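# Observations on the model geometry
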Amino acid sequence: MATDNNKFQAIISHCKEYGFIFQSSEIYDGLSAVYDYGQNGSELKRNIRDYWWRSMTQFHENIVGIDAAIFMHPTTWKASGHVDNFSDPMIDNKDSKKRYRVDHLIEAHAEKLALEGKKEQEAALLQSMDNLIAKDDFDGLKKLIEDNNIKCSISGTANWTDVRQFNLMFSTQLGSVSDEANEIYLRPETAQGIFVNFLNVQKTGRMKIPFGIAQVGKAFRNEIVARQFIFRMREFEQMEMQFFVRPGTQKEWYEYWKAERMKWHHSLGISPDKYRFHDHVKLAFYADAACDIEYDFPIGFKEVEGIHSRTDHDLSRHQEYSKKKMQYFDTEINQNYIPYVIETSIGLDRTVLMVLSEAYVEEDLSTEDKKDSRVVLKFPAKLAPIKLAVLPLTKKDGLPEIAREIMDGCKKSFRCFYEEKDTIGKRYRRMDALGTPFCVTVDHQTKEDNTVTIRYRDSMQQERIPIAEISRIINEAIDQ
RNA sequence: GCGGAAGUAGCUCAAUUGGUAGAGCGAUAGCCUUCCAAGCUAUAGGUUGCGGGUUCGAUCCUCGUCUUCCGCUCCA
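Notes on the structure follow. Here the structure is a predicted model, which means the values were calculated and not measured.

## So, helix α10 (residues 250-266)
The terminal C-alpha atoms of α10 lie 24 Å apart, and with 17 residues this matches the ideal 24 Å at 1.5 Å per residue to within 8%. Those residues of α10 not exposed but buried are Gln250, Tyr254, Trp257, Lys258, Glu260, Arg261, Met262, Trp264 and His265.

Dropping the structure here:
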């Protein structure tokens, strides 16, 4: 791995070759920025998801989980601000390649007219623009730009593309009759499923503030450019937790969750110097504090998780649009209020990529006589797709039968893999490439004293242990 | 989305200046019975990304398209 970019490419190839991640619909040339998880990738992903879920809902007594539908009432997205903020008519200047939001471009020109004292022209321009935007008349908008001879500030030309709508939300029809009234969106984030269920969960769970609601699920964004493997996909999975707190305490809970989430990342066995916080300077309209946890991917430091202090923005908006009171009565202070929210939102696919990036190692094992190397995925045992490989040293002499018995004893508690083909060294290396932390080998001595050789993935060390100990050793490693 | 480059077996690559493709690794089956891949034998696997055009004939030339990579752009 000469450069980090080579390492990234190597990881992508490895993922395909060993059944972790395939491009979607590959036999039909693939679908851009959509990927499928294979037999090993789906296990890895599920293990990460389960670990996060347990960390939230099991280790914290005041956090419960839900699973909301992907389809939601269209008003949800008006209330959340996605309808207004997630779709804008855009236009590109062909010479400078610069893309503008049409309204920004025209407003800038109107401002210029105002400065030149042409107040009437300014008003007329803005009026025309508002009319056209309200009608979604993109051809009209382009004509307006051309008629006013609006130029790109960089290239100074008026060589424009057509006006196009970039709607980051996917839409579809609910019901079989196509009708605009039935248009609904695939959720662009999972958070809103939590907010609209806030009262349901709080009341039925008798939850007392502060408390959290966790959720794992798919979200969809029609990204203009989606690239970099599974880092940015159009269909992706989020693991989110919204933590409801008393107004005024959000700052301390924000700090609490920053620290708590960073601890979780370190518990994956990843070194702290691979992480950094990136504080948002320009805050979104709904936030009073926000930061990202960034991991040092082979392609550089990139966001894995976001922690946002969302104030009471979401619940207030839903209260406004639904006319339902999104309030909580706090018996400690005898007050009704709309809770403030701290959000932790981590991309599951990005976490998979992070774990893969961290685990992937090419090792040079050459000695003086022999060149040798291996590719090994050093997953934490709890995340490994396969925990144990059971390998009879040979296919004869009753060794496979003993190995099968070990398999039967272990496969109820964790995922095992049986293999009798090829030399033992080759089988070890195959397991390294899948990230299997333990291999046990049944040999002739096993028949005499019921012991096997256990071989550790990372150190490649071996030791002799009784068959009865296998299960305990591996379960302990998984629990760490 | 724009510009540039690329696409040949699961992977890494070769080949024909236009005459319809080979190797290594890998896979499968068998031999060997071996505690850290690359011993032996056999087998499978490619309408050379896809679709048109030029041509007697296209993997090669040409157009379109899809996908990927790099840069720009975008990412409430």
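## Details of the packing of aromatic side chains
Applying the stated criterion across every chain yields a total of 17 aromatic pairs. For the ring pair Tyr51 and Trp264, a centre distance of 5.5 Å and an interplane angle of 20° mean the geometry is stacked. Taken together, the residues span a long stretch of sequence, with Tyr51 in helix α2 (residues 41-58) and Trp264 in helix α10 at a distance of 213 residues. Judged by relative accessible area, Tyr51 falls into the buried class, the value being 9%. Accessibility expressed as a relative area gives 5% for Trp264, which makes it buried. Through successive ring pairs, a cluster of aromatic residues spans Phe195, Phe198, Phe211 and Phe244.

## Here's the deal with the pattern of salt bridges
Inspection of the entire model under this criterion finds 33 salt bridges. One salt bridge connects Asp279 with Lys258, and the closest N-O pair in it is separated by 3.7 Å. Taken as a pair, Asp279 in strand β11 (residues 275-279) and Lys258 in helix α10 lie far apart in primary sequence, 21 residues in all. Look at Asp279 and you get partly exposed, because its relative accessible area is 43%. Of the residues examined, Lys258 reaches a relative accessible area of 12% and is grouped as buried. Between Lys274 and Glu358 there is a salt bridge; the shortest N-O distance is 4.0 Å. One end of the pair, Lys274, is in the loop between α10 and β11; the other, Glu358, is in helix α12 (residues 348-359), and 84 residues separate them in sequence. Exposure remark for Lys274: the relative accessible area of 23% places this residue in the partly exposed category. In this structure, a network of salt bridges that share partners links the residues Glu363, Arg374, Lys378, Asp432 and Arg455.

## Notes on the packing of helix α5 (residues 102-115) against helix α7 (residues 138-147)
The geometry of α5 relative to α7 is characterised by a closest axis approach of 11 Å and an angle of 30° between their N-to-C directions. Overall, the two elements α5 and α7 adopt an arrangement that is roughly parallel. Handedness of the α5/α7 crossing: left-handed. Contacts from Val102, Leu105 and Ile106 of α5 reach α7 at Leu141, Leu144 and Ile145. Among the residues forming the contact of α5 with α7, the class breakdown is six nonpolar, no polar and no charged.

## Quick look at unusual backbone geometry
If a residue is not glycine, its phi is most likely negative; likewise, a peptide bond is most likely trans. Cis geometry marks the peptide bond from Ile209 to Pro210; its omega dihedral reads 5°. You will see that Phe229, though not glycine, has its phi angle at about 60°, which is positive. The topology assignment puts Phe229 in the loop between β9 (211-220) and β10 (235-245). Even without being a glycine, Met460 presents a positive backbone phi close to 65°. With respect to the helices and strands, Met460 occurs in the loop between β22 (451-456) and β23 (462-466).

## Re α2
Turn by turn, an α-helix covers 3.6 residues, leaving residues three or four places apart pointing in a common direction. For α2, with 18 residues, the first-to-last C-alpha span of 25 Å sits near the 26 Å given by 1.5 Å per residue. Residues Gly41, Glu43, Leu44, Lys45, Asn47, Ile48, Tyr51, Trp52, Ser55 and Met56 constitute the buried set of α2.

Cut-offs applied
- Residues numbered from 1 in each chain as written.
- Chains lettered and ligands numbered in written order.
- Predicted model: local features only at pLDDT ≥ 70, side-chain atom pairs only at ≥ 80, totals over all residues.
- Heavy atoms only, no water.
- Helix = DSSP H or I, 4+ residues; strand = E, 2+ residues; numbered from the N terminus.
- Expected span 1.5 Å × (residues − 1).
- Buried < 20%, exposed > 50% of the residue type's maximum accessible area, 1.4 Å probe, protein only.
- Phe/Tyr/Trp six-rings, centres within 6.5 Å; stacked < 30°, edge-to-face > 60°.
- Salt bridge = Lys/Arg side-chain N within 4 Å of Asp/Glu carboxyl O.
- Axes fitted to C-alpha atoms, helices over the stretch in contact; angles between N-to-C directions.
- Parallel < 35°, antiparallel > 145°, perpendicular 65-115°, else oblique.
- Left-handed = near helix turned anticlockwise from the far one by under 90°.
- Contact = heavy atoms within 4.5 Å.
- Nonpolar A, V, L, I, M, F, W, Y, C, P; charged D, E, K, R; others polar.

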